[in-house]
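Listed here are the chains, written in short residue letters.
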Amino acid sequence: MKEELVPGEWKPIGASVPKLAGEYFLVTGSGKYFRNVTIRPEDSFCIIELDGKGENYRVCWGLVNGGRPTSELPSHLMNHEVKMLATNGRHRVIYHAHPANTIALTFVLPLTDEAFTRELWEMATECPVVFPDGVGVVPWMVPSGRDIAVATSELMKKYDVAIWAHHGIFASGEDFDLTFGLMHTVEKSAEILVKVRSMTAQKRLFEKD
Ligand SMILES: [Zn+2]
């Protein structure tokens, strides 16, 4: 196969991320599957370059069979910008997924940072250790645009996890293991809460003797 190294044309990101001007990111393609990333990386994701203003991107490599970066590019990049500043560049991964138990809870719990943080911390002892700052909650908003990106990146100033009501999660971390691990910890905690609530309305909390 002939390697395609000529960058594509500049396209608007849909948000402004001036602090990321000139940076490169590895991005999954819209409608692509994580399962195929290791099998057909050149088809499943791409490397994008941002322009000097942080307002446009172009594909430098990948997506050899066509397509475009994830439709959540504005949220991913605005989160990257916030986290780059907040962690002095340590956080390099922004991961978005649609985990079922966490989404289910957004139909049950009050859509507040406090309610979700409290319930998720309570379900497993590791949770306050894995996400000590808690989690933020974005009410239902139209996905893929600038507004939800702004709302999410605002929460990312405080948290490493932002739950999108009725949609999914954004998680931020230093590398893939830590970020996927964070996402799995939140989702496992949500699954325990779903199981507990399915068995009883009354949680039995820790009691000494
Ligand atoms: Zn999504």
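In the block above lies the structure referred to throughout.
This one's a predicted model, so the numbers in the text were calculated from it and none came from an experiment.

Caption draft 1: Inspection of the overall build of the chain at higher detail. Along the chain, the regular secondary structure elements total eight helices and eight strands. Here the C-alpha radius of gyration of the chain, 19 Å, is about what a compact globule of 209 residues would show, namely 17 Å. In terms of overall dimensions, the chain has C-alpha extents of about 70 × 35 × 30 Å along its principal axes. Here the chain, with 209 residues, has 33% of them falling under the buried criterion.

Caption draft 2: Looking closely at helix α8 (residues 176-199). The terminal C-alpha atoms of α8, which comprises 24 residues, lie 34 Å apart, in line with the 34 Å expected from a rise of 1.5 Å per residue. Among the residues making up α8, those that are buried are Leu 182, Met 183, Val 186, Ser 189, Ala 190 and Leu 193. Tucked inside the fold, the buried residues of α8 contact β5 (93-97), α4 (100-105), α5 (113-123), α6 (127-130), β7 (161-164) and β8 (168-173).

Caption draft 3: Structural detail: the sheet that holds β8. Taken in spatial order, the four strands of this open sheet run β5-β8-β7-β6, and their pairing is mixed. Each end of this open sheet is capped by a strand with a single partner; those strands are β5 and β6 (136-138). In this sheet, adjacent strand axes meet at a mean angle of 20° when their direction is disregarded. The pairing of β5 with β8 spans five bridges and is antiparallel. Residue pairing in the sheet places Ile 94 in a bridge with Ser 172 of β8.

Caption draft 4: Structural view of the nonpolar core. Val 135, Val 161, Ala 162, Ile 163, Ile 169 and Val 186 are the most contacted members of the largest nonpolar core, which totals 41 residues. In terms of residue count, α8 provides more of this core than any other element does, five residues in total. Here this core spans two domains, and each of domain 1 (11-69) and domain 2 (74-199) adds at least three residues to it. Apart from residues no more than four positions distant in its own chain, Ala 162 is found in contact with Gly 136, Val 138, Thr 152, Leu 155, Met 156 and Phe 170.

The rules behind each value
- Residues numbered from 1 in each chain as written.
- Predicted model: local features only at pLDDT ≥ 70, side-chain atom pairs only at ≥ 80, totals over all residues.
- Helix = DSSP H or I, 4+ residues; strand = E, 2+ residues; numbered from the N terminus.
- Rg over C-alpha atoms; globule rule 2.2 N^0.38 Å.
- Buried ≥ 20, exposed ≤ 12 C-beta atoms within 10 Å, placed from the backbone.
- Expected span 1.5 Å × (residues − 1).
- Contact = placed C-beta atoms within 7 Å.
- Pairing = 2+ DSSP bridges.
- Axes fitted to C-alpha atoms, helices over the stretch in contact; angles between N-to-C directions.
- Core = buried A, V, L, I, M, F, W, Y, C linked by C-beta atoms within 7 Å.
- Domains from an automatic or database assignment.

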